[in-house]
Structure formats: C-alpha cells, structure tokens
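Letter by letter, the chains look like this.
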Amino acid sequence: MELQQQLGKAIRAIRTKQGLSQEKLALEAGVDRRYMSDIENGARNVSLNVIERISKGLAISTSYLLKCAEEYSSSALTLEELKQYLHERGCDDTVFLEHPDYITAVVGISEDERLVYSYTGMLEFLIANEGMTYEDACDWIDFNLIRALPYMGENAPIITFDILT
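Counting restarts for each chain: residues are numbered from 1 in the order of the written sequence. For this predicted model, a pLDDT threshold of at least 70 governs which residues receive local features, and a threshold of 80 or more governs which side-chain atom pairs are given and counted, while totals over whole chains, interfaces and linings are taken from all residues. No hydrogens and no water enter the side-chain calculation; it runs on all heavy atoms of the structure.

(A) Representation of the layout of surface pockets in the model. Cavities and pockets were defined on a 1 Å grid built over protein atoms only: a cavity is a set of grid points that admits a 1.4 Å probe from which the probe cannot escape, a pocket is an open set flanked by protein on both sides within 12 Å along at least five of seven lines, and lining residues are those with an atom within 4 Å of any such point. Grid points are joined across faces, edges and corners, and a volume is the space filled by probe spheres set on the points. Estimated volume of the second largest pocket: approximately 200 Å³. Contributing to the lining of the second largest pocket are 12 residues, with Lys-17, Thr-120, Leu-123, Tyr-134 and Asp-162 lying nearest its centre. Helix numbers and strand numbers start at the N terminus; a helix is a DSSP run of H or I with at least 4 residues, a strand a run of E with at least 2. At the level of secondary structure, the elements contributing two or more residues to the lining of the second largest pocket comprise α1 (3–17) and α7 (119–130). Residues are grouped as follows: nonpolar covers Ala, Val, Leu, Ile, Met, Phe, Trp, Tyr, Cys and Pro; charged covers Asp, Glu, Lys and Arg; every other residue, Gly included, is treated as polar. For the lining of the second largest pocket, the residue count by class is six nonpolar, three polar and three charged.

Dropping the structure here:
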C-alpha cells in the first residue's frame, strides 16, 4: 500500500472514531470537501502543510497522524497469513469472518480459540474499505453479523465493544 493511501485510511479512521464528518474536517483544515475525499481515498499526494492542517483539525499531532499511517503498512496482515498463523498453533476450528474479512479489526484470540474482533475496528474497516458512512457501517454489522453470531456455533467470533469514558 502506498503512503498516500495509508495516510488517507488513517485520516478516515481517526475522523470517524471522533465522530467528525468529512465536511467538518475539511472546514477545520481549510480544504475543499472534495479534496478531503480524494485525500482519504488515497488519490492525492498532499503537502506537509496540508497534513499539518488536517492534524490540527483532528486535534492530534502531525507525528501521531503519520505514525497511524505507517501502522497501516506494518500491520497489514492478510486473512491467509492469519489462518496460517493459527493453524501452526493448532487453532484449526477458529471461525473467520471472510466476506468482508475485517482483518484490521482482529485484536486477538480467546483461550477457547475464538477470534476476537473490535466492533470499532470493524466500523473503521467498512468505512475505509467499503466506502460506507458510519451509520451504514453500524447497520451493516448489526444486520449482517451480530444477528448471525448465534448461528455460527460455539466457535463463533467474539466482538468487543470499546468502553466509553
């Protein structure tokens, strides 16, 4: 994944986690909303000046934003790599979510070999990879996944929710 795509995904993930609309962030950063959309989609190679303004609009440091962007490449585990990793550890009965795979939302495996996903991470995955709005991603997960968990059997994945403080 190219750096501009990683940066766009990081911006989108942080923005949605903060509950900011793309339009609001564009206004805060002093850029056109369409330009912000292009940045988030990895279609623009932005200047350091614009990155700094976006960071301020997100109320984070520029270094933190760039660190988040870098993590998108270093943590880019594929579903096949995860399956291989678990197979090597004898966790062959683990149930995976594959369509979509929510790979960036995987946070661990339970003692009984169930894959653990972050609900927030799943939202961020759908927003970043499927172009959904926050509300559409919530609806998608609730309708297509949460209701299906009981039918996946005893090895169904676990979905964790962030504790709000």
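(B) Region of the structure containing the sheet that holds strand β2 (residues 115–118). DSSP calls a pair of strands paired once it identifies at least 2 bridges connecting them. The mixed open sheet is built from three strands, whose spatial order is β1-β2-β3. The open sheet has two edge strands with one neighbour each: β1 (106–109) and β3 (158–160). Averaged over neighbouring strand pairs, the angle between their axes works out to 30 degrees when direction is ignored. As paired strands, β2 and β3 are joined by three bridges and run parallel to one another. Across the sheet, Val-116 pairs through a bridge with Ile-158, a residue of β3. Two residues form a contact once any of their heavy atoms are found within 4.5 Å. Between the N-to-C directions of two axes lies an angle of 0 to 180 degrees, each axis being a line fitted to C-alpha atoms and, for a helix, fitted only over the stretch in contact. Docked against the sheet, α7 engages β2 and β3, running at close to 65 degrees with respect to β2.

(C) Molecular detail of the packing of aromatic side chains. To pair, rings of Phe, Tyr and Trp, with the six-membered ring standing in for Trp, must have centres within 6.5 Å; the planes then decide the type, stacked if under 30 degrees apart, edge-to-face if over 60, and tilted in the middle. Scanning the entire structure with this criterion turns up two aromatic pairs. Taking the centre distance of 4.7 Å and the plane angle of 35 degrees together, the rings of Tyr-119 and Phe-161 count as tilted. Here Phe-161 lies in the segment after β3 and Tyr-119 lies in helix α7, a separation of 42 residues in the sequence. Only protein chains enter the accessibility calculation, which uses a 1.4 Å probe; a residue is then buried when its area is under 20% of its type maximum, exposed when over 50%, and partly exposed in between. A residue is classified by how much of its surface remains accessible, and Tyr-119, at 11% relative accessible area, is buried. Owing to a relative accessible area of 53%, Phe-161 belongs among the exposed residues under this scheme.

(D) Helix α4 (residues 48–58), seen in detail. Listing the buried residues of α4 in full gives Val-50, Ile-51, Ile-54, Ser-55, Gly-57 and Leu-58. Buried residues along α4 cover an arc of 160 degrees about the axis, so they all sit on one side. With respect to the buried face of α4, the exposed residues turned more than 90 degrees away are Leu-48 and Lys-56. Once α4 ends, the next one or two residues include Ala-59, with phi positive near 60 degrees. By definition, the arc is the one covered by directions from the helix axis to the C-beta atoms.

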